[in-house]
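# Structure assessment
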Amino acid sequence: MLTKEEFIAKAHDIFAGCSRNRVSVPGSGELMLFDQPLIGFASAIDPIFDQYMSPEIIGSMFKPPREWLPEGRTVVSFFLPHTREVRISNREEKDYPSMPWLYGRYEGQNFIGHYMKTLSRVLEEEGIKTCVPWMDDRFEKEPMPVSGDDGDDFHMNSSWSERHVAYACGLGTFGLSRGLITEAGMAGRLTSMILSVEYKPDIRPYTEVYEYCIGCGACARRCPAQAISLNYGKNNVKCNAFLDRVKEQEAPRYGCGKCQIGVPCEYRRP
């Protein structure tokens, strides 16, 4: 059975060997989408996962790890930071996402799916059962309408949340834009898996949900949809309306990421 250190080394080796991380982007040539991932660990029976079923956090749809994998002992979260080239391209475009960023969102998510499938297959060969919830047929989500000082909004009730799982695994805390601030910043993508093997959980080096956010408001100033405010945070209705307009122009690609770029938490913890 793989040790925790051997698991991390294998996960990094498989990541490095996945050619789909390099794509050809019109106007930019060949680009690497992601740098090596940060990896965090939590116990599958950590009480925090039961807390996530609260409507104030995620909601009743959330399924704790052992509902996904009854043999589950460990939850592993991965943060894949976007490369400098992808990030810089999206800084230069002021009011519209850059093409490399759109490829990072669409082709990048396809790459992550391939990475998770490959890693899962290798682990299964080592006798470790796995589950990747967002790729499971049981995964579901439902927007829950809410209203507030910033107008109509919605809260996403879902059966799994990559950001909350990453928080549980010690990778980072939330920011004003509701993204996750890690030691490698916010500009990147998250994924996770549940394992049947028990690894020592990582210590969460924080106690507050927004501990890494310095409240500077840079993400609000960067947002082309004016969907972020210092008083309210992010309004999902406004954000999604902008994303829908981008998708109308760029389908199947979509995205924005302006709140993650050109801010103190872009590529580091401020």
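Residues numbered from 1 in each chain as written. Predicted model: local features only at pLDDT ≥ 70, side-chain atom pairs only at ≥ 80, totals over all residues. Heavy atoms only, no water.

Quick look at the overall build of the chain now. Scanning the chain from terminus to terminus reveals eight helices and twelve strands. Here the C-alpha radius of gyration of the chain, 18 Å, is about what a compact globule of 270 residues would show, namely 18 Å. By principal-axis analysis of the C-alpha atoms, the chain measures approximately 50 × 45 × 35 Å. Counted over contacts in the chain with a minimum sequence separation of 6, partners at least 24 positions apart contribute 75%. (Helix = DSSP H or I, 4+ residues; strand = E, 2+ residues; numbered from the N terminus. Rg over C-alpha atoms; globule rule 2.2 N^0.38 Å. Contact = heavy atoms within 4.5 Å.)

Phe-49, Tyr-52 and Val-75 are the most contacted members of the largest nonpolar core, which totals 45 residues. Those elements that place two or more of their residues in this core are helix 2 (48-51), strand 4 (74-81), helix 6 (162-168), strand 9 (180-182), strand 10 (188-195), helix 7 (218-222) and helix 8 (236-250). If near-sequence neighbours (up to four positions away) are discounted, Val-75 is found in contact with Gly-40, Phe-41, Ala-42, Ala-44, Phe-49, Pro-65, Trp-160, Val-165, Cys-169, Met-193 and Ile-194. Among the nonpolar cores identified, the runner-up in size contains 34 residues, and Leu-2, Phe-111, Met-116 and Val-122 belong to it. (Core = buried A, V, L, I, M, F, W, Y, C linked by side-chain atoms within 4.5 Å. Buried < 20%, exposed > 50% of the residue type's maximum accessible area, 1.4 Å probe, protein only.)

Glancing now at helix 8. Note that an α-helix has 3.6 residues per turn; residues three or four places apart therefore point the same way. Its 15 residues place the ends of helix 8 20 Å apart at the C-alpha level, agreeing with the 21 Å of an ideal helix rising 1.5 Å per residue. When we look at burial in helix 8, the residues that qualify are Asn-236, Cys-239, Phe-242, Leu-243 and Val-246. One face of helix 8 carries all of its buried residues, which in axial projection span an arc of 130 degrees. Considering only its buried residues, helix 8 is in contact with helix 5 (99-125), strand 7 (151-158) and strand 12 (233-234). (Expected span 1.5 Å × (residues − 1). Arc of directions from axis to C-beta.)

This part covers empty space enclosed by the protein. Enumeration over the complete set of coordinates arrives at one cavity of 30 Å³ or more. Roughly 110 Å³ of volume is contained in the largest cavity. Around the largest cavity sit 18 residues that line it, and Ile-181, Cys-213, Cys-216, Cys-219 and Cys-265 are the ones nearest its centre. Residues that form the lining of the largest cavity fall into these classes: 14 nonpolar, four polar and no charged. (1 Å grid on protein atoms, 1.4 Å probe; cavity = no way out; pocket = protein on both sides within 12 Å on 5 of 7 lines; lining within 4 Å. Points joined across faces, edges and corners; volume = space filled by probe spheres on them. Nonpolar A, V, L, I, M, F, W, Y, C, P; charged D, E, K, R; others polar.)

As a further point, take unusual backbone geometry. Of all residues except glycine, most have a negative phi; of all peptide bonds, most are trans. Between Ala-251 and the following residue, Pro-252, the backbone shows a cis peptide bond with an omega angle of 10 degrees. With respect to the helices and strands, Pro-252 occurs in the segment after helix 8. Not every positive phi belongs to a glycine, and Arg-178 is a case in point at roughly 75 degrees. Within the fold, Arg-178 resides in the loop between strand 8 (172-174) and strand 9. A residue is classified by how much of its surface remains accessible, and Arg-178, at 25% relative accessible area, is partly exposed. The residue Gln-226 is not glycine, and still its phi comes out positive at about 50 degrees. For Gln-226, the position within the fold is in the loop between helix 7 and strand 11 (228-229). By relative accessible area, Gln-226 is classed as exposed at 63%.

Attention now goes to the packing of aromatic side chains. Within the structure shown, the criterion is met by 17 aromatic pairs. Arranged with centres 5.8 Å apart and planes meeting at 75 degrees, the rings of Phe-15 and Tyr-115 form a pair that is edge-to-face. Of this pair, Phe-15 sits in helix 1 (residues 4-17) while Tyr-115 sits in helix 5, placing them 100 residues apart in sequence. For the residue pair Phe-15 and Tyr-115, the accessibility class agrees, reading buried in each case. The ring of Tyr-103 is capped by Arg-253, whose NZ or CZ atom sits 4.0 Å from the centre of that ring. The ring of Tyr-212 carries the charged tip of Arg-269 above its face, separated from the ring centre by 4.6 Å. (Phe/Tyr/Trp six-rings, centres within 6.5 Å; stacked < 30°, edge-to-face > 60°. Lys NZ or Arg CZ within 6 Å of the ring centre and 35° of its normal.)

Our focus in this paragraph is the sheet that holds strand 4. Pairing is antiparallel in the open sheet, where four strands are placed in the order 3-4-10-5. The open sheet terminates on both sides in strands that have one partner only, identified here as strand 3 (38-43) and strand 5 (130-131). Here strand 5 pairs with strand 10 via two bridges, running antiparallel. Paired with Cys-131 across the two strands is Ile-194, which belongs to strand 10. Of the strands in this sheet, strand 3, strand 4 and strand 10 touch helix 1, which is tilted by about 140 degrees from strand 3. Strand contacts of helix 5: strand 4, strand 5 and strand 10, with the helix running at about 20 degrees to strand 10, the strand carrying the most contacts. (Pairing = 2+ DSSP bridges. Axes fitted to C-alpha atoms, helices over the stretch in contact; angles between N-to-C directions.)

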